[in-house]
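Coordinates in review
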Amino acid sequence: MLSISNNQERMSYTRLLTVCGLTCLSVGFVFEQAGQKQAGVLLLGFLLGVVLFYTTFSFSNGWRRLVAEKKSLWFRAQMLMIIVASLLMLPALGEGSLWGGSVRGYVRPLGLSLVVGAFVFGVGMQLAGSCASGALYNAGGGRLKMLIVIFMFALGALLGTAHYEWWMEQINVEPVNFLALYGVWGAVVINLVIAGILYYIFRLIEMRKYQRVEALWGKQANRTGKLLLSGALALAVLNFITLGYIGRPWSVANAFPLWGAKTTAFLGMELDLDFWAYWTEPAAEQSLSGGLLDHVGSVMNLGVVGGALAISALTVRFNMDYKVKLTELLTISAGGLMLGYGAIIGFGCNVGAFFSGVVSGSLHGWVWFLAALLGTTVVVMFKKTLART
């Protein structure tokens, strides 16, 4: 028994040293190729991946459980995350600076593109079995079919950029910025009230169905609840750090159209992106002309994959899953395309549009949530109808 214990300890130390060594090599490589700031971005992404994977923090799974089973544990953790992040980030955004640098939030217009994009994303999220951040950390944890979702997400996002100009010409109204209208604490109160009401409503629905509610804290909380609570708090803090470090909140989907463009260029496909309105915007044009390691969103997303891979190896939860049936392949491919397309015309995913949009004090974040939840509901109800028949 002592020999077995010693062998296990040696294996644990070996895994730890290997993970630390590979992490240092990755950070060093990015530092050498793209500079100190990008190396820091990689580390931030790494921490996000660790938190997401270890705590199983999931938007798609949480929303599916909310609709299909009336279980609100994951969703209530998301509301707590928004409350904490609002308290941290809105004062900094109101000042316009943090840690000596300027900061800005995500404030987007309200209109047809937002609603349709969020709805399409919500449908795609349930077909693919994951959202943008979920696809990244699940791929890092060994679910190789998520690589298909990521690839199709990138192609869908590229397709969305082709139609971006048309969508922007449709019905759109000016953004509603709570910070500009009501000041910092007015915006904080609005977010706290909306998140609190949603928390209470779905908690009440769960209580009525099961006569009990899964707890996030306290003696009644199980390991899942405690992990989700710690994940919510950690993600709120990491989004705040992201705001201070790169000058804007956390976003995931903004890297995917670039990945799609780089992929088609690598395959020799000439698409004349210079004439697409999306790619004439300064930030998009600059990212297209540079390398992937120069793009903040790409480096952060790669960090998420790396962080998930590291923590899954350390906790012996890495599970190489490569089996996929033809029907599932078609379903997740369609879901990935919808995720990418919806993210572009709807101004982001669960992270950039919903989480970071809401904590930027923008009404579009809450509108995005409602439309995406409706898309999720349609798929879940359709699947339940098929199961009954």
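The sections below set out a description of the structure shown in this document. Throughout, a residue's number is its position along its own chain's written sequence, starting from 1. Totals for whole chains, interfaces and linings use all residues, but because this is a predicted model, local features are given only for residues with pLDDT of at least 70 and pairs of side-chain atoms are given and counted only at 80 or more. Side-chain descriptors were evaluated using all non-hydrogen atoms of the structure, hydrogens and water having been removed beforehand.

1. Here's the deal with the packing of aromatic side chains
Two rings belonging to Phe, Tyr or Trp (six-membered ring only in the last case) form a pair when the distance between their centres is within 6.5 Å. Interplanar angles under 30 degrees mark stacking, angles over 60 mark edge-to-face geometry, and anything in between is tilted. As enumerated under the stated definition, the model contains 20 aromatic pairs in all. Their ring planes at 75 degrees and their centres at 6.4 Å tell us that Phe 59 and Phe 354 sit as a pair that is edge-to-face. Taken together, the positions of Phe 59 in helix 3 (residues 59-68) and Phe 354 in helix 15 (residues 350-358) put the pair 295 residues apart, joining distant regions of the chain. When the ring of Tyr 164 is compared with that of Tyr 278, the centres are 5.2 Å apart and the planes differ by 85 degrees; the resulting orientation is edge-to-face. Note that Tyr 164 is positioned in helix 7 (residues 145-168) and Tyr 278 in helix 11 (residues 277-280), a separation of 114 residues in sequence. Note on classification: 1.4 Å probe, protein chains only; a residue is buried when its accessible area is under 20% of the maximum for its type, exposed when over 50%, partly exposed between these limits. Exposure remark for Tyr 164: the relative accessible area of 13% places this residue in the buried category. Using a relative accessible area of 15% as the deciding quantity, one classes Tyr 278 as buried. The ring centre of Tyr 210 lies 5.4 Å from the NZ or CZ of Lys 71, which sits over that ring. Whether a charge sits over a ring depends on NZ of Lys or CZ of Arg being within 6 Å of the ring centre and within 35 degrees of the ring normal. Cation over ring: Arg 76 sits above Tyr 199, and NZ or CZ is 5.7 Å from the ring centre. Strands are runs of DSSP state E lasting at least two residues, helices are runs of H or I lasting at least four, and both sets are numbered from the N terminus onward.

2. Quick word on the environment of Ser 130
Of note, Ser 130 is situated in the loop between helix 5 (112-128) and helix 6 (132-140). Considered as a pair, Ser 130 and Gly 21 are 109 residues apart in the sequence and their alpha carbons are 30 Å apart. With residues up to four places along the chain from it excluded, the contact list for Ser 130 reads Ser 60, Met 125, Ala 135, Asn 138, Met 146 and Leu 339. Note on definitions: a residue-residue contact is assigned when non-hydrogen atoms from the two residues lie within 4.5 Å.

3. Some details on a positive patch on the surface
On the surface, Lys 70, Lys 209, Lys 384 and Arg 388 cluster together into a positively charged patch. Looking at where Lys 70 falls in the secondary structure, it is placed in the loop between helix 3 and helix 4 (73-95). Residue Lys 70 is classed as partly exposed on the basis of its relative accessible area of 33%. A patch consists of residues whose relative accessible area exceeds 30% and which take part in no salt bridge; residues with like charges are grouped when within 9 Å of each other, and nonpolar side chains (Val, Leu, Ile, Met, Phe, Trp, Tyr) when within 5 Å. The protein chains shown are the only cover counted for residues, whose accessible areas, like all others here, come from Shrake-Rupley with a 1.4 Å probe. Just to be clear on terms, a salt bridge is a Lys or Arg side-chain nitrogen sitting within 4 Å of an Asp or Glu carboxyl oxygen. For the purpose of counting charges, residues Lys and Arg are taken to be positive, whereas Asp and Glu are taken to be negative. His and the chain ends are not included. Each charge is placed at NZ for Lys, CZ for Arg, CG for Asp and CD for Glu.

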